[in-house]
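Chain by chain, the residues:
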Amino acid sequence: MSARPRKAVVIGASAGGVEALSAVLPHLPPDHCPVLVVIHLPSNRQSVLADLFRDKCRMKVVEAEDKAPIDAGTIYFAPPDYHLMVETAFTVALSNEAPVWFSRPSIDVLFETAADAYGPGLTGVILTGANEDGAAGLRAVLAQGGRGLIQSPETAYARLMPETALSFCSGATVRPLEHLAAELLKGAA
Amino acid sequence: MASIKRRLFQARDHFGCRSISMLQDMVLHDETMLGALMSYLTVQVSELFRDPAYFRAIREKVVPHLKTYPSLKVWIAGCSTGEELYSFAILFREEGLEERTLFYATDINQESLRKAEAGVYDLDRMRLFTENHRLSGGKTSLSDYYTAAYGAATFDKSLRRHVVFSDHSLVTDAVFAETQFVSCRNVLIYFNRDLQNRAVALFADSLSRKGFLGLGAKETLRFTEHHDTFDEFAREERLYQKREAA
């Protein structure tokens with residue numbers, strides 16, 4: 001391994017998340033470091049997210065499959081009704097463990113495992129949501145030396161999630177939705 | 001592994017341990033602890049006819065093949081508390097295959113196996129199970145197969161007439177029978193690649209020529225050593241068929 005840490009971005013969103021993600025993901029260039037996304041949806045097993053974003057994004061968009069290697073230039077969506085985890089070997093793992101914050105996939109689970117794998121190379125992003133999921137996860141990202149980015153509650157469709165994340169993570173950067181993509185790209189150099 | 005680490009920390013907190021080594025000490029010196037810990041380390045949530053499209057594909061695409069066999073052996077690997085097993089038993093009865101079939105339902109968790117053998121589930125889960133069964137192409141009413149009392153649904157013991165329950169580990173144990181169908185869903189996601197390779201090798205050994213392997217909705221053989229041993233039989237439903245000359 002080189003001295004420079006491997007980079008990745010993890011994003012968590014809940015209520016209003018599809019619109020918020022639409023303001024971020026399409027701005028990322030095709031060679032961007034890998035992006036892993038958890039968005040809370042009803043678990044009707046219909047995986048429409050990857051299809052929804054595929055045409056809008058310049059990065060490759062997939063629904064995460066168990067044991068897939070995590071590659072640059074790719075956006076991975078958690079499949080409905082599974083937790084999305086990152087292994088320290090930089091592969092994806094799925095899990096049927098109990099919901100966290102009534103949610104499966106859970107943002108905390110993704111962020112905590114990704115923080116273990118990527119350490120200071122990780123950026124965690126908390127977007128709109130009416131749920132407290134993600135706050136403990138973002139704290140774990142910062143504790144491992146990673147970067148925290150929170151959508152400003154005023155620009156969020158639902159403020160509870162960004163507000164809770166803020167109260168857990170004073171070291172995180174807060175930006176309005178329209179500036180989040182630019183802020184993300186700053187760290188990508 | 002990320003998942004096992006999470007659950008170990010949960011178990012540490014649940015059992016009031018300050019550290020993993022304290023938990024280890026308890027397991028080493030208290031016989032009852034291993035079973036209790038096992039319930040934390042294995043994931044036991046399932047549904048009857050979970051992912052109805054899987055069972056629909058079995059009905060429509062696999063059953064016609066299975067009907068050509070005079071006798072069948074089906075292995076439910078990692079059967080947990082039995083939901084998958086009862087789904088198969090009901091489907092095979094509906095399709096007229098039950099009498100010629102022997103099911104092996106295996107798991108490493110003894111407590112889960114006991115529950116599987118009892119076949120008792122919360123009554124409030126039946127609405128979901130009934131809907132799943134209907135979507136799977138069920139030809140009968142799910143309520144024909146259980147009796148409801150005191151908030152619990154008890155599945156008919158006749159469904160277990162063709163079932164052998166057994167303690168079996170995909171990690172340490174060997175193949176025990178030749179089978180025509182192995183269903184192992186949402187078990188391999190908890191294995192690393194080495195263990196996945198071992199488990200899939202067991203399935204390949206156990207399956208007869210052109211036998212079927214069913215995996216969970218988001219599982220794939222693509223990242224294992226054995227992707228060449230199987231053909232994709234129903235891609236979306238994660239049904240594989242062992243190749244002729246594997």
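The structure displayed is predicted, hence computed values, not measured ones.

### Quick word on helix 8 (residues 193–206) of chain B
Think of an α-helix as turning once every 3.6 residues; residues three or four places apart then point the same way.
Item 1. Helix length check: helix 8 of chain B (14 residues) gives 20 Å between terminal C-alpha atoms against 20 Å at 1.5 Å per residue, within 8%.
Item 2. Taken together, the buried positions of helix 8 of chain B are occupied by Q196, N197, A199, V200, L202, F203, A204 and S206 of chain B.

### Quick word on the environment of M22 of chain B
Residue and element names in this part refer to chain B.
Item 1. Looking at the secondary structure, you find M22 in helix 2 (residues 20–29).
Item 2. For M22, a relative accessible area of 28% gives the class partly exposed.
Item 3. Between the alpha carbons of M22 and R12 there is a distance of 8.3 Å; along the sequence they are 10 residues apart.
Item 4. Sequence-distant contacts of M22, defined by excluding residues within four places in its chain, comprise G16 and C17.

### Considerations on the confidence of the model for chain A
Item 1. For chain A, the mean per-residue pLDDT works out to 92, and 94% of the residues sit at or above 70.
Item 2. Here helix 2 (residues 49–54) of chain A stands out as the element of chain A with the lowest mean pLDDT, 92, in contrast to strand 7 (residues 122–126) of chain A, whose mean of 98 is the highest.

### Observations concerning the pattern of salt bridges
Residue and element names in this part refer to chain B.
Item 1. In total, this model carries 31 salt bridges over all chains according to the counting rule given.
Item 2. Here R185 ties to E84 by a salt bridge, and the two come within 2.9 Å at their closest N and O atoms. Of this pair, R185 sits in the loop between strand 7 (179–184) and helix 8 while E84 sits in helix 5 (residues 83–94), placing them 101 residues apart in sequence. Both residues of the pair, R185 and E84, belong to the buried class.
Item 3. E111 is paired through a salt bridge with R114; the nearest N and O atoms lie 2.8 Å apart. Of this pair, E111 and R114 both sit in helix 6 (residues 110–118), 3 residues apart, which is roughly one turn of the helix.
Item 4. According to the relative accessible area criterion, E111 is partly exposed, its value standing at 32%.
Item 5. In this structure R114 comes out as exposed when scored by relative accessible area, which is 52%.

### Remarks on the nonpolar core
Generally speaking, soluble globular proteins have nonpolar side chains that are buried together.
Item 1. If you look at the biggest cluster of nonpolar residues, it comprises 53 residues, and the most contacted ones within it are L36 and L84 of chain A together with L170, F203 and L213 of chain B.
Item 2. No other element matches the 7 residues that helix 3 (residues 107–118) of chain A contributes to this core.
Item 3. The contact partners of F203 of chain B, leaving out residues within four places of it in the chain, are W75, A77, L170, V182, C184 and L213 of chain B.
Item 4. L48, V62, A105 and L159 of chain B belong to the second-largest nonpolar core, a separate cluster that totals 40 residues.

### Observations concerning the sheet that holds strand 1 (residues 8–13) of chain A
Residue and element names in this part refer to chain A.
Item 1. Strand order in the open sheet formed by 7 strands is 3-4-2-1-7-8-9, and the pairing between neighbours is parallel. Looking at strand neighbours, the two that pair on one side only are strand 3 (60–63) and strand 9 (173–175), the edges of this open sheet. Across this sheet, the average inter-strand angle for adjacent strands is 20 degrees, counted without regard to direction.
Item 2. Where strand 7 lies against strand 8 (residues 147–151), 4 bridges are found, and the strand directions are parallel. Note on strand 8: the bridge partner recorded for V125 is L149.
Item 3. Relative to the sheet, helix 4 (residues 135–143) contacts strand 7 and strand 8, its axis offset from that of strand 8 by approximately 145 degrees.
Item 4. Contacts from helix 5 (residues 160–168) reach strand 1, strand 7, strand 8 and strand 9, with the element oriented near 145 degrees to strand 8.

### Let's talk about the environment of T113 of chain A
All names here are of chain A.
Item 1. Considering the arrangement of structural elements, one finds T113 in helix 3.
Item 2. Classification of T113 by relative accessible area gives buried; the value is 4%.
Item 3. It is 14 Å that separates the C-alpha atoms of T113 and D133, two residues lying 20 residues apart in sequence.

### So, the packing of helix 4 (residues 52–66) of chain B against helix 5 of chain B
Axis angle and axis distance: for two packed helices, these are the angle between their axes and the distance between the axes, and together they describe the pair.
Residue and element names in this part refer to chain B.
Item 1. At a minimum axis separation of 11 Å, helix 4 and helix 5 run at an interaxial angle of 50 degrees. What the angle tells us is that helix 4 and helix 5 run oblique. In this structure, the crossing between helix 4 and helix 5 has a hand that is right-handed. On helix 5, the residues that touch Y54, F55, I58, R59, V63 and L66 of helix 4 are E84, S87, F88, L91, F92 and E94.
Item 2. Tallied by class, the residues present in the contact of helix 4 with helix 5 amount to 8 nonpolar, 1 polar and 3 charged.

Here is what the cut-offs are and how they apply
Residues numbered from 1 in each chain as written. Chains lettered and ligands numbered in written order. Predicted model: local features only at pLDDT ≥ 70, side-chain atom pairs only at ≥ 80, totals over all residues. Heavy atoms only, no water. Helix = DSSP H or I, 4+ residues; strand = E, 2+ residues; numbered from the N terminus. Expected span 1.5 Å × (residues − 1). Buried < 20%, exposed > 50% of the residue type's maximum accessible area, 1.4 Å probe, protein only. Contact = heavy atoms within 4.5 Å. pLDDT = per-residue confidence, 0-100. Salt bridge = Lys/Arg side-chain N within 4 Å of Asp/Glu carboxyl O. Core = buried A, V, L, I, M, F, W, Y, C linked by side-chain atoms within 4.5 Å. Pairing = 2+ DSSP bridges. Axes fitted to C-alpha atoms, helices over the stretch in contact; angles between N-to-C directions. Parallel < 35°, antiparallel > 145°, perpendicular 65-115°, else oblique. Left-handed = near helix turned anticlockwise from the far one by under 90°. Nonpolar A, V, L, I, M, F, W, Y, C, P; charged D, E, K, R; others polar.

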